[in-house]
Amino acid sequence: MSNISSRRRNYLLTPHRRDGLIEWMKSMLMHSFVLDALDTTGADTFSHFELLIDEHRKMTDQYLDDISQNNKSTFVPSRLKQLVPQVGTFYTRLPLRKAFEAYNLKYGITKRRHICISFNEIRHILNLAQIIAMTDMYKGGSQLGLLPPLVPNGNIGGGGGGGVAHHEKKEGETDDQAIRAWTSMTVTPRREVDDKSDGSQYSGDTTPEERSRAMCDRSESIAIEEAFSLLPDRTALPGPKLICFDGDQTLYSDGANFESNPRLAKYLFLLLKHGVTIAVVTAAGYEYQAAKYELRLSGLLAYFKEKGLKGDDLERFYIFGGECNYLLRLGADYKLHAVKENGPGGWMNSTKHMSESPGNWSESEVKSVLDMAEASFNSSMEDQNMRARIIRKKRSVGLIPKADEKITREALDEAVLRIQSELDNSKTNLPFCAFNGGRDAWVDVGNKRVGVQVLQSYLGVPPEESLHIGDQFLNTGNDFAARSVCPCVWITSPEETSYILKSILRLAGVPLMAILNPVDYEDKKQVNGDKDKKGIEKKVDFDEMERRTSRLAMDVFTGEMIPLQRAASRDV
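The rules behind the values
Think of each chain on its own: its residues are numbered from 1, step by step along the sequence as written. In keeping with the predicted nature of the model, local features appear solely for residues at pLDDT of at least 70, side-chain atom pairs appear and are counted solely at 80 or more, and the whole-chain, interface and lining totals rest on all residues. The side-chain figures draw on all heavy atoms in the structure; neither hydrogens nor water molecules are used. Strands here are runs of E lasting at least two residues and helices are runs of H or I lasting at least four, both read from the DSSP assignment and numbered beginning at the N terminus. A simple rule labels every residue: compare its accessible area, found with a 1.4 Å probe on the protein chains alone, to the largest value its type can have, and call it buried under 20%, exposed over 50%, or partly exposed in between. Contact definition: two residues touch when any of their heavy atoms are within 4.5 Å. The Shrake-Rupley method, run with a 1.4 Å probe, gives the accessible areas here. Residue values count only the displayed protein chains as cover. Strands are treated as partners if at least two bridges between them are detected by DSSP. For helices, the axis comes from a line fit to the C-alpha atoms of the stretch in contact; other axes are also lines fit to C-alpha atoms, and the angle between any two N-to-C directions lies between 0 and 180 degrees. Working definition: a ring pair exists when centres of Phe, Tyr or Trp rings (six-membered ring for Trp) sit within 6.5 Å. Plane angles under 30 degrees give stacked, over 60 give edge-to-face, the rest tilted. Here the nonpolar core consists of buried residues drawn from Ala, Val, Leu, Ile, Met, Phe, Trp, Tyr and Cys, with membership extended through side-chain atoms lying within 4.5 Å. pLDDT is a per-residue confidence score from the predictor, ranging from 0 to 100. Residues are said to line a cavity or pocket when one of their atoms sits within 4 Å of a point; the points come from a 1 Å grid over protein atoms alone, cavities being sets where a 1.4 Å probe fits but cannot get out and pockets being open sets with protein on both sides within 12 Å along at least five of seven lines. Grid points are joined across faces, edges and corners, and a volume is the space filled by probe spheres set on the points. Amino acids are sorted into nonpolar (Ala, Val, Leu, Ile, Met, Phe, Trp, Tyr, Cys and Pro), charged (Asp, Glu, Lys and Arg) and polar (every other residue, Gly among them). Each crossing gets its handedness from the near helix: less than a right angle anticlockwise from the far helix is left-handed, clockwise is right-handed. Here the term right-handed applies to a crossover when the path leading from its first strand over the helix to its second strand runs clockwise, the strands being oriented away from the viewer.

(A) Structural context of the overall build of the protein. The helix and strand tally for the protein stands at 21 helices and 13 strands. Each of the 572 residues in the protein was classed as buried or not, and the buried ones make up 52%. Taking as baseline every contact in the protein between residues at least 6 positions apart, the subset at least 24 positions apart corresponds to 71%. As displayed, the protein has an accessible area near 26,600 Å², and 50% of this comes from carbon and sulfur atoms.

(B) Representation of the sheet that holds strand β9 (residues 441–445). In space, the 4 strands of this open sheet follow the order β6-β7-β9-β8, with antiparallel pairing throughout. Looking at strand neighbours, the two that pair on one side only are β6 (388–392) and β8 (432–436), the edges of this open sheet. Each strand of the sheet is rotated relative to its neighbour by a mean of 15°, with strand direction disregarded. As judged from the 4 bridges shared by strand β7 (residues 396–401) and β9, these two strands associate in the antiparallel manner. Note that in β9 the partner of serine 396 across the bridge is aspartate 444.

(C) Quick peek at the packing of aromatic side chains. Following the criterion strictly, the structure yields 11 aromatic pairs and no others. With centroids separated by 5.1 Å and ring planes inclined at 55°, the aromatic side chains of tryptophan 24 and phenylalanine 49 adopt a geometry described as tilted. Of this pair, tryptophan 24 sits in helix α2 (residues 20–34) while phenylalanine 49 sits in helix α3 (residues 38–68), and the two are 25 residues apart along the sequence. You can call phenylalanine 49 buried: its relative accessible area is 1%. Consider the rings of tyrosine 288 and tyrosine 326, whose centres lie 5.5 Å apart with planes at 80°: the pair is edge-to-face.

(D) Spatial organisation of the sheet that holds strand β11 (residues 488–490). As summarised here, the arrangement of the 7 strands in space is β5-β4-β3-β2-β1-β10-β11, forming an open sheet in which the pairing is mixed. Looking along the sheet, the strands with just one partner apiece sit at the ends: β5 (336–338) and β11. Strand-to-strand, the axes of this sheet are offset by a mean angle of 25°, without reference to chain direction.

(E) Up close: the nonpolar core. If you look at the biggest cluster of nonpolar residues, it comprises 127 residues, and the most contacted ones within it are Leu268, Phe304 and Phe317. Per-element accounting of this core gives the leading share, 9 residues, to helix α6 (residues 119–134). Every residue in contact with phenylalanine 317, bar those within four places of it in the chain, is listed here: Leu272, Ile278, Val280, Leu297, Leu300, Leu301, Phe304, Leu328, Arg329, Leu330 and Leu336. Counting residues in hydrophobic clusters, the runner-up holds 5 residues, among them Ile391, Ile400, Cys433 and Phe435.

(F) Up close: the confidence of the model for the protein. Across the protein, the average pLDDT comes to 78, with 68% of residues at 70 or higher. Predicted confidence is poor over residues 1–13, with pLDDT under 50, and the contacts of this stretch with residues over four places away or in other chains come to 10 contacts. In the model, residues 513–537 has pLDDT below 50 throughout and makes 28 contacts with residues more than four positions away in sequence or in other chains.

(G) Region of interest: the side chain of asparagine 127. You can see asparagine 127 is positioned in helix α6. For asparagine 127, a relative accessible area of 4% puts it in the buried group.

(H) Structural detail: empty space enclosed by the protein. Applying the stated criterion to the full structure yields 3 cavities of 30 Å³ or more. Taken as a whole, the second largest cavity holds about 60 Å³ of empty space. If you trace the second largest cavity, you find it lined by Ala283, Gly285, Glu287, Gly322, Asn325, Tyr326, Lys393, Lys394, Arg395, Ser396 and Asp444. Each residue belonging to the lining of the second largest cavity can be placed in one class, and the counts come to 2 nonpolar, 4 polar and 5 charged.

(I) Structural detail: the environment of glutamine 420. Mapping glutamine 420 onto the fold places it in helix α16 (residues 409–424). Along the sequence, glutamine 420 and serine 376 sit 44 residues apart, while their C-alpha atoms lie 9.8 Å from each other. Apart from residues lying up to four places away in sequence, glutamine 420 is in contact with Phe432, Ala434, Asn475 and Thr476.

(J) Structural view of the packing of α6 against helix α18 (residues 494–507). Relative orientation of the contacting elements α6 and α18 amounts to 35°, with a least axis distance of 10 Å. As α6 runs across α18, the sense of the crossing is right-handed. Contacts between α6 and α18 pair Arg123, His124, Asn127, Leu128, Ile131 and Ile132 from the former with Glu496, Ile500, Ser503, Ile504 and Leu507 from the latter. Taken together, the residues of the contact of α6 with α18 sort by class into 6 nonpolar, 3 polar and 2 charged.

(K) Spatial organisation of the packing of helix α10 (residues 262–273) against α18. Their axes nearest at 9 Å, the elements α10 and α18 cross at an angle of 35°. Both α10 and α18 take part in a crossing whose hand is left-handed. Contact residues: Arg263, Leu264, Tyr267, Leu268, Leu270 and Leu271 in α10; Pro494, Thr497, Ser498, Leu501, Lys502 and Leu505 in α18. Grouping the constituent residues of the contact of α10 with α18 by class yields 8 nonpolar, 2 polar and 2 charged.

(L) Representation of unusual backbone geometry. The backbone phi angle of tyrosine 334 is positive, close to 65°, even though this residue is not glycine. Within the secondary structure layout, tyrosine 334 lies in the loop between β4 (326–330) and β5. Here tyrosine 334 falls in the buried class, since its relative accessible area comes to 15%.

(M) Seen up close, the pairing of strand β2 (residues 277–281). For β2, a buried count of 5 out of 5 residues is recorded, marking the element as mostly surrounded by other parts of the structure. Residue alternation in β2 divides its side chains into two sets, Thr277, Ala279 and Val281 and Ile278 and Val280, and both sets are buried. Examined bridge by bridge, strand β1 (residues 242–245) and β2 share 4 bridges and lie parallel to one another. Note that in β2 the partner of phenylalanine 245 across the bridge is valine 280. Assessed by its sense of winding, the connection that carries the chain from β1 through α10 to β2 is right-handed.

In structure tokens form, the structure reads like this:
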């Protein structure tokens, strides 16, 4: 416990581990808390934040328009830019008041008298505001045209008939009922019904009341899937058209693989099924050795196969290795395949109009950046007596711990900030990313800004319809660069990622326990299942999948494939 407390104290005291916008918001809200007025002034304070962001967006857009039209324009910083010099670009409006009211309704933060609103709570409110903005509610109107607003009892439509009626919203009107429905979602995701279950838990001597209660306790993810099954497969989901994900600590634990997470796998499956492009933009760089990326995502790919994901839905799943260096796409065989770089339709050729595109890099410049990184890491290792070693790949250099050793976070931050400064002061024109990976430090040629931009250009998705989800948005993290090219959501674990995706689906208008009474629905499902075995949903046996894939382990640093017995004898 003392280590955790110490880490938190260091986090707050270290400037490079603080976010300027969130810290400023927190300081503004502190006044209301001290005066015991947060309950009456908190929403108005978030309205003021919203006003400043709108003004900042308008002034930034005007300045960029003037530059693009070759008009002479003097940059005049917005009020927000003057208050928070580090603030960047906002690609959508942020309905912060609406998000704060929903969050407060759910958690009651304005009723607290001893604990002020925290950094993480403001982070959650910003995340929620971004999701609301991107699910098309804040702009008014639903692209689905099939999902009317939700009512507290979970039925669809405003009347009592349970039918689907198109709901027209006025320009700028928010869907308050959908927001209220979001607040009814469980605070901590409930234990999910096992994917191997056949519904037998509702049979036997249980009473109708017990069965009804058991049905209501089912996780939201299963209810969301049932609601989606009522819609045509090709129905477009209102919300982001491209969602990019970090890998470690976002889709799976740091240094681990995506093995057994049916809840998160289900949400990704549903998004693909309804027109969203998914891209894993990861620092893991194994060049075009597809099998190594497949091992890192083994459970997710097995889930797609068992659920029968097909055609265009499969081809909307990408992985960008080395941050922006190696682009692969999922094929009909449920394996990853390299996307061709050059020639007609090649992703490098198609994005050469971007000055920072990998297609425009020279190998001599790449070598120069890697040489500087290697020399700097050697210096940091010697100066700080690190028990570490350096590995060099085609487009990256890593500082990693020796077997059975750990490198302190402070030492890794020092190494990262040192090479960042050296590269910033050098003559290099290449984009780069120097970051603390938690257990290691890396310098990549290229970064996630370039990776997301390449995907946007190659797939034809504008920045305001793209979303990046990651856990490293401080300036020693590798998600930081993505902030400049698209809206972002800042999470801290795969569990938070699951919750964010569930929120996107929920706020897009997908009802829980839609259409039928839970008990009637389960009865009907069991009866139909007896008559038509083809209609039974396939269940993924994650335990068996993990057993089959556990014969080999992989050194996540080097990509070396290691037999399981050998892996057990070494710390990778």
